[in-house]
Amino acid sequence: MTSSEVREIYQNQSDQLILSGSAKILISHFGAFPQDLVTSIASNAESLLFSKGIDKGLVKRVFSILIEGLQNIRIHGQKDEANRQLGFLILSEQEDCFNIALANVIDPLDFERVDKYIEQINNYSQEELKDTYMDVLTNEFISHKGGAGLGFITTRIKSGHPLKHSYYALADGNLLFTFKIRLEK
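Thresholds applied
- Residues numbered from 1 in each chain as written.
- Predicted model: local features only at pLDDT ≥ 70, side-chain atom pairs only at ≥ 80, totals over all residues.
- Heavy atoms only, no water.
- Helix = DSSP H or I, 4+ residues; strand = E, 2+ residues; numbered from the N terminus.
- Contact = heavy atoms within 4.5 Å.
- Pairing = 2+ DSSP bridges.
- Axes fitted to C-alpha atoms, helices over the stretch in contact; angles between N-to-C directions.

J.: Looking at this structure, I do not really get the environment of Y167. What am I missing?
T.: Counting through the fold element by element, Y167 comes out in strand β4 (residues 164-169). When the C-alpha atoms of Y167 and F177 are compared, they prove to be 4.7 Å apart, with 10 residues separating the residues in sequence. Once residues lying within four places of it in the same chain are set aside, the contact partners of Y167 are I106, F111, V114, D115, L175, L176 and F177.

Next up, the structure:
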């Protein structure tokens, strides 16, 4: 994997937001996401939104989704040639909503499992989402990387929308997984 490919995709997505004129980028980061940076980004986003007078409930939902997404990048991302888990985050604001775009590199062997899981939970009703969430909690399944599969479910519940995701093939055979979440104001 080359970091330049991931950087180019990040830059293209940032440029599209800027050129659209309908969105303002509030927080943006490309690179590795060590734990202290994850904490700092989430705290800064929370402070920024409170300073804008955003409803406390919405700020908590944005904060929770940011933590879930950034931890996913930090824990599950494939490492590059410099042993980094590269990814990106773009938190943007439109007149009626906030958008969160997250991306990390995944092994193509994980593609089908992740893709099917997201499609499955996108088709769930709110009740099915809550039941699945409780089922995962009570069964305490933990993957080899430490995840229980709750991040996508939590994000789907808190956003109230299906999860948008896509993949970009990278030269080294890995995939860049991009994940977009919309939260209405």
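J.: How should the sheet that holds strand β1 (residues 24-31) be read in this particular structure?
T.: Each strand in a sheet pairs with its neighbour through backbone hydrogen bonds, running either in the same direction (parallel) or in the opposite one (antiparallel). Read from one edge to the other, the open sheet built from 5 strands follows the order β1-β2-β3-β5-β4, with strand pairing classed as antiparallel. In this open sheet, the two strands that pair with only one neighbour each are β1 and β4. For this sheet, the mean angle separating the axes of adjacent strands, direction not counted, is 10 degrees. Note that β1 and strand β2 (residues 87-93) share 7 bridges and pair antiparallel. Across the sheet, the residue bridging to H29 is L89, located in β2.

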